[in-house]
Amino acid sequence: MEMTLRWYGKEFDTVKLWQINQIPGVKGVITTLYDKAAGDLWTQDEIKKLKADVAEADMHISGIESVNISDDIKIGGGKRDEHIDNYIKTLENLGKEDIHMVCYNFMPVFDWTRSELARRRADGATVLAYNQKAVDAINPEDMFASINGDMNGTVMPGWEPERMARVKELFEMYKDIDEDKLFANLVYFLEAIMPVCNKYDIKMAIHPDDPAWNVFGLPRIINNEKNIQRMMKAVDDVHNGVTFCSGSYGTNPENDLPQMIRNLKGRIHFAHVRNLQFNSFQHEDGSQVTSWTGEKIPVGPADFEEACHLSSDGSFDMYEIVKALYDIGFDGPIRPDHGRMIWDEKAMPGYGLYDRALGACYIQGLWEAIEKSHR
Ligand code: CS2
Ligand code: MN
């Protein structure tokens, strides 16, 4: 594996490359062209410039997160083929610039859903959090205004004010799109891009839906092992793979994370590793569930908050997750995912420097211990 950190670019990120460069073991960044809209073409010159910005700090680009998919591609709208054509040319330009991993998602309307951007924990740290009751009380058209907490002067991807202003229109666009239609549109897209991915060896890594169940009645198709296997079989090519995001799949305690990793051997091209603290979980039928770590999760409205990466701080066994990645021979980029806001940092919620740096070191520590125990 290669430890990396997500970086939102010179203009947008409060975290600077020189700071990332000081995190032990981190020389690669995961980034994107943040001013591009989904469906736009990325020119080779623009990619060259981004690479040069990163190289200036003595680092390199380990992959792109994300080249976003337009709504027309997701719903099969009028501009679908034009946008796919732009996507293919973008992949070609990335390939020519020696970039070989692209993360994307296929979630309708919202990239991810939380009810709080800054829930305060006992130690004063703040974290992103999700409470099903709170989400149920939100009118999705006011999601942007209803989410509790501010973005510290940043703009979170997927939550661009221009996009949020169009939420009503977006819901309208998706009204006839159910799981099957969304899936068929994903397959159409993947089939179209596989030739260029093969030519330039670009590994596509779909990010799971977060949380891993339908929210606001919108369909979700990348949320459990059965659905990922279905996607991989439909377009059976090693370049059609996944981002294994523990914090997203892990929202549903029925997803056995280490087992999923083992079953996805060879098709995980990127890993997001983070921990969640479940406060309660309930099935729609009200039954109680047991998490894959064996604990009984109390019945109640689904509620989770993003913990620090350490196993003891949350509900996941991070050792088992990292060990499964080690055991399948995972050799792609990995990154700590959302971190807590600590030490008075003001940054994009989830994307401050400090807690992600702690996460990067912790994950590398687990990896080193696992590796040495195999000698
Ligand atoms: C990310 C996602 O911050 C996050 O939750 O993991 O936004 C992810 O970048 C996208 O879904 C990938 O397209
Ligand atoms: Mn993720």
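Residues numbered from 1 in each chain as written. Chains lettered and ligands numbered in written order. Predicted model: local features only at pLDDT ≥ 70, side-chain atom pairs only at ≥ 80, totals over all residues. Heavy atoms only, no water.

Under the annotation held in an unreviewed UniProt entry, the protein chain carries the name Mannonate dehydratase and is attributed to Butyrivibrio fibrisolvens DSM 3071. Under Pathway (unreviewed entry), UniProt gives the following word-for-word description of the protein chain: "Carbohydrate metabolism; pentose and glucuronate interconversion." Listed in UniProt under the heading Function (unreviewed entry), the comment for the protein chain reads: "Catalyzes the dehydration of D-mannonate." (UniProt positions renumbered as here; feature names shortened; annotations may be inferred.)

A. Fine view of the site of ligand 1. Surveying the vicinity of ligand 1 reveals 14 residues, the closest of which are Glu-65, Ser-66, Asn-105, His-338 and Tyr-351. Take His-338: an N or O atom from its side chain is 2.8 Å from an oxygen atom of ligand 1. Residue contributions to the shell around ligand 1 peak at three residues, all from strand β4 (residues 101–105). Its residues assigned to classes, the shell around ligand 1 comprises five nonpolar, five polar and four charged. (Near = heavy atom within 4 Å. Polar contact = N/O pair within 3.5 Å; in protein donor to acceptor, adjacent residues only side chain to side chain. Helix = DSSP H or I, 4+ residues; strand = E, 2+ residues; numbered from the N terminus. Nonpolar A, V, L, I, M, F, W, Y, C, P; charged D, E, K, R; others polar.)

B. Representation of the coordination of the manganese ion (ligand 2) in the model. The protein atoms that coordinate the manganese ion (ligand 2) are His-207 (NE2), Cys-245 (SG), His-272 (ND1) and Asp-337 (OD), at distances of 2.2 to 2.6 Å. Each donor residue of the manganese ion (ligand 2) lies on the same chain, and together they follow the pattern H-x37-C-x26-H-x64-D. On the criterion of sequence distance, the pair formed by His-207 in strand β7 (residues 203–207) and Cys-245 in strand β8 (residues 240–245) is long-range, its members being 38 residues apart. The burial state of His-207 is the same as that of Cys-245; both residues are buried. (Donors = N, O, S within 2.8 Å, 3.2 Å for Na, K, Ca; no water. Buried < 20%, exposed > 50% of the residue type's maximum accessible area, 1.4 Å probe, protein only.)

C. Layout of the environment of Gln-229. By the secondary structure assignment, Gln-229 is in helix α11 (residues 225–234). In this structure, the C-alpha to C-alpha distance between Gln-229 and Leu-264, residues 35 residues apart in sequence, is 8.3 Å. Residues within four places of Gln-229 in sequence aside, it is in contact with Asn-263 and Leu-264. (Contact = heavy atoms within 4.5 Å.)

D. Structural detail: the packing of aromatic side chains. All chains considered together, the criterion is met by 14 aromatic pairs. On the basis of an interplanar angle of 90° and a centroid distance of 4.9 Å, the ring pair of Tyr-87 and Phe-189 is categorised as edge-to-face. With a gap of 102 residues between them, Tyr-87 in helix α5 (residues 80–96) and Phe-189 in helix α10 (residues 179–200) connect regions that are remote in the sequence. For Phe-189, a relative accessible area of 0% corresponds to the buried category. Between Trp-343 and Tyr-354, the ring centres sit 5.2 Å apart and the planes meet at 45°, which makes this aromatic pair tilted. (Phe/Tyr/Trp six-rings, centres within 6.5 Å; stacked < 30°, edge-to-face > 60°.)

E. Highlighting the environment of Asp-150. Positionally, Asp-150 belongs in the loop between α7 (143–146) and α8 (161–164). Look at Asp-150 and you get exposed, because its relative accessible area is 53%. Between the alpha carbons of Asp-150 and Trp-367 there is a distance of 35 Å; along the sequence they are 217 residues apart. With sequence-adjacent residues up to four places away left out, Asp-150 is seen in contact with Leu-117 and Pro-349.

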